[in-house]
Structures are given as structure tokens and as C-alpha cells.
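Now for the letters of each chain:
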Amino acid sequence: MNSKKLLEINDLHAETNGIKILNGVNLVINEGETHAIMGPNGSGKSTLSKILAGHPSYNILSGKILFRGNDITEWEPNQRANLGLFLAFQYPIEIPGVNNEDFLRLAYNSKQKANMLKEIDPLEFLQIIYDKLNLIEMDPSFLLRNLNEGFSGGEKKRNEILQMLLLNPIFTILDEIDSGLDIDALKSISKGINEFISSDDSKSLLVITHYERLLSYIVPDYIHIMQNGRITKTGSADLAKKLEKSGYTNI
């Protein structure tokens, strides 16, 4: 396992709408590692994911976020994304009037431009995106629809993973990607995620979930329990099975 630090969170305290949610989060994720965060509702899991991505509604009170050796605590979301951080949302929003294919191509070219790489035309883009669609068994007709408009919960989650495959981040956060998925969709999406992660041993993953089921398909190196805005316990993948039997209180 590569021991080079990719993400380091130091004593992070944060709030939103005047309510403090994170109370001193510390976490290190090295290149090539998969980590999972579990915890009861309201423990701060999704808040942490949004703060890592730079969501403007969440305010950091103290602490630091280091990513690829850079202090990104005050960085804008697009700066973090261009450096290789990606968040798959728990509740992807619908954007009427914005074609899914156009959105994906503009997102891809925006990252290309930021990294001084060649932007591509629509025909070149189609050649790239069809390979990604096949990986997660997503129908090409979704490219012609407006972004997430009328999509089921599972279809929205597939579209989030499609964005991940296209943008090729070095660090991906999956915020409850399993919610709203039936077993077949979960298997298909997990297969695509695992192939993506295994394609490069420097890529890392942070999975936020309530359920052990997802972690039987995407097996983490470490599981962290979050309670009251802090990580209170860290263990191996077996920790999820203990949670299923005993609950958070006994752990």
C-alpha cells in the first residue's frame, strides 16, 4: 500500500446556519486507500463531505484540510475539483433546460482547460463517454435528457458515477451513493467504481454510508465511526459487520 498522504484533515470544526456540526475531525487518507465513514443520522457525515468539496453553505470555524500537499481550506469548489477531488452527491439536483451531454462535456473541458490540456469537440466527447456508459450499464438515451430531470433516484446515482468516470478524479467521495438503489443497480455501480479505483493505485475513495450492504461490494481498508461531529472509532472492514449486530451504542 502506498503510504503517501493524499488527504489530511486536522482538528476540523464547522457549522451551518449557526449550528455547529463538526467538533474536531481528524483523518488521514493515503494514496490507494479506500475508507468508509459510518454513523447515526446527524453525526456529521454528509456535512464533512460537503465541506471537503467546498460547499458555500458550510463554514469552517477552525482546523485545516490538506489535499495533495496543498492547504485547500479556503479554496473554491472548482479549484478543488480541478486538483482532483470529486463528490458524488447524496441528493443530485435536477437542472431543467440543461442537456446532460452538454453539461458533461462542459465539465470535462473545464477541467481540461484548468490543467492546460486540450479541450475536445462534441464528436470526440461521444467517443469517450460511450465507454463510460458501458462500464456502468447506463443507456445512452440519458445523454439526451436534461440533467437529472425526471430521473429516478437510482438513475441520478448512475449519472453521478458517470461524472466520476469522466472527470477521472484522484480522490472520490461517495455520499450515500447506495440510497435509492436496488440490488442490481448497486452491483452494477459498485463494479464500475471498483474498476475505476483499481485502474490507478494512487486513486483513493471515501465512502459515506449507513449500511453494511454497500461495503460488501466496495470493501474498505478502514472504517471510521462518526458520532457527534467527531470520529470516535477506526477499524478494519469487519467493523461494519459488528455494527450490523450491535449498533453504534455498543461499539
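What counts, and where the lines are drawn
Throughout, residues of each chain are indexed from 1 in the direction in which the sequence is written. Reporting in this predicted model follows two pLDDT cut-offs: at least 70 for local features of residues, and 80 or more for side-chain atom pairs to be given and counted; totals over whole chains, interfaces and linings ignore these cut-offs and use all residues. With hydrogens and water set aside, each side-chain value is computed from the structure's full complement of heavy atoms. Every helix listed is a DSSP run of H or I at least four residues long, and every strand listed is a run of E at least two residues long, numbered separately from the N terminus. Just to be clear, the radius of gyration here is over C-alpha atoms, and the globule rule we use is 2.2 Å times residues to the power 0.38. Note on exposure labels: buried denotes an accessible area under 20% of the residue type's maximum, exposed denotes more than 50%, and partly exposed covers the range between, all computed with a 1.4 Å probe on protein chains only. Here the accessible surface of atoms and residues is derived via Shrake-Rupley with a 1.4 Å probe, and residues count as covered only by protein chains that are part of the display. Under this rule, positive means Lys or Arg and negative means Asp or Glu; His and the chain ends count for nothing. Note that the charge is assigned to NZ on lysines, CZ on arginines, CG on aspartates and CD on glutamates. Salt bridges are defined as contacts in which a side-chain nitrogen from Lys or Arg sits within 4 Å of a carboxyl oxygen from Asp or Glu. In this description, strands pair whenever DSSP reports at least two bridges between them. With strands facing away from the observer, any crossover in which the path from the first strand over the helix to the second runs clockwise is taken as right-handed. Known as pLDDT, the predictor's confidence for each residue is given on a scale from 0 to 100. A fitted line through C-alpha atoms represents every axis, and for helices the fit uses only the stretch in contact; the resulting angles, taken between N-to-C directions, go from 0 to 180 degrees. In this description, contact between two residues means that some pair of their heavy atoms is separated by no more than 4.5 Å.

Engineer: How should I be thinking about the overall build of the chain in this particular structure?
Structural biologist: Assigned secondary structure in the chain consists of eight helices and 12 strands. For 251 residues, the compact-globule formula gives about 18 Å, and the C-alpha radius of gyration of the chain, at 18 Å, lands near that figure. For the chain, with 251 residues in total, the buried portion stands at 51%. A total of about 11800 Å² of accessible surface is found on the chain, and carbon and sulfur atoms cover 49% of it. Seen as two clouds, the 26 positive and the 32 negative side-chain charges of the chain have centres 5 Å apart.

Engineer: Sorry, what's going on with the pattern of salt bridges here?
Structural biologist: A side chain with one charge may pair with a side chain of the opposite charge, provided their charged atoms come close. Under the defined criterion, the tally for this structure stands at seven salt bridges. Note that Asp102 is salt-bridged to Arg105, the shortest N-O span being 3.5 Å. Taken together, the residues Asp102 and Arg105, both in helix 3 (residues 100-114) and three residues apart, mark about one turn of the helix. Of the residues examined, Arg105 reaches a relative accessible area of 17% and is grouped as buried. A salt bridge links Glu124 to Lys118; the shortest N-O distance between them is 3.2 Å.

Engineer: What is the right way to read the pairing of strand 9 (residues 171-175) from this model?
Structural biologist: As a general feature of sheets, a regular strand has side chains that alternate between the two faces. Among the five residues that make up strand 9, five are buried, leaving the element largely enclosed by the rest of the structure. The pairing of strand 6 (residues 85-88) with strand 9 spans four bridges and is classified as parallel. Residue pairing in the sheet places Leu87 in a bridge with Ile173 of strand 9. Alignment of strand 9 against strand 10 (residues 204-208), held across five bridges, turns out to be parallel. Residue pairing across strands places Leu174 opposite Val207, the latter belonging to strand 10. Handedness of the crossover joining strand 9 and strand 10 through helix 6 (residues 183-198): right-handed.

Engineer: Just to check I follow, could you spell out the confidence of the model for the chain for this structure?
Structural biologist: Atomic detail in the predicted coordinates should be set aside for any region of low pLDDT. Averaged over the chain, the pLDDT score is 91; the fraction of residues at 70 or greater is 98%. Helix 8 (residues 238-250) is the least confidently modelled element of the chain, averaging 79 in pLDDT, while strand 5 (residues 70-71) averages 98, the highest of any element.

Engineer: Please explain the sheet that holds strand 9 as it appears in this structure.
Structural biologist: Picture the strands of a sheet paired through backbone hydrogen bonds; they go either parallel or antiparallel. The strand order across the open sheet formed by six strands is 6-9-10-3-11-12, and the pairing between neighbours is mixed. Strand pairing shows two members of the sheet lacking a second neighbour, strand 6 and strand 12 (230-235), which therefore form its edges. Strand-to-strand twist in this sheet, taken as the mean axis angle between neighbours without regard to direction, amounts to 20°. Packed on one face of the sheet, helix 5 (residues 153-167) meets strand 6 and strand 9 and runs near 165° to strand 6.

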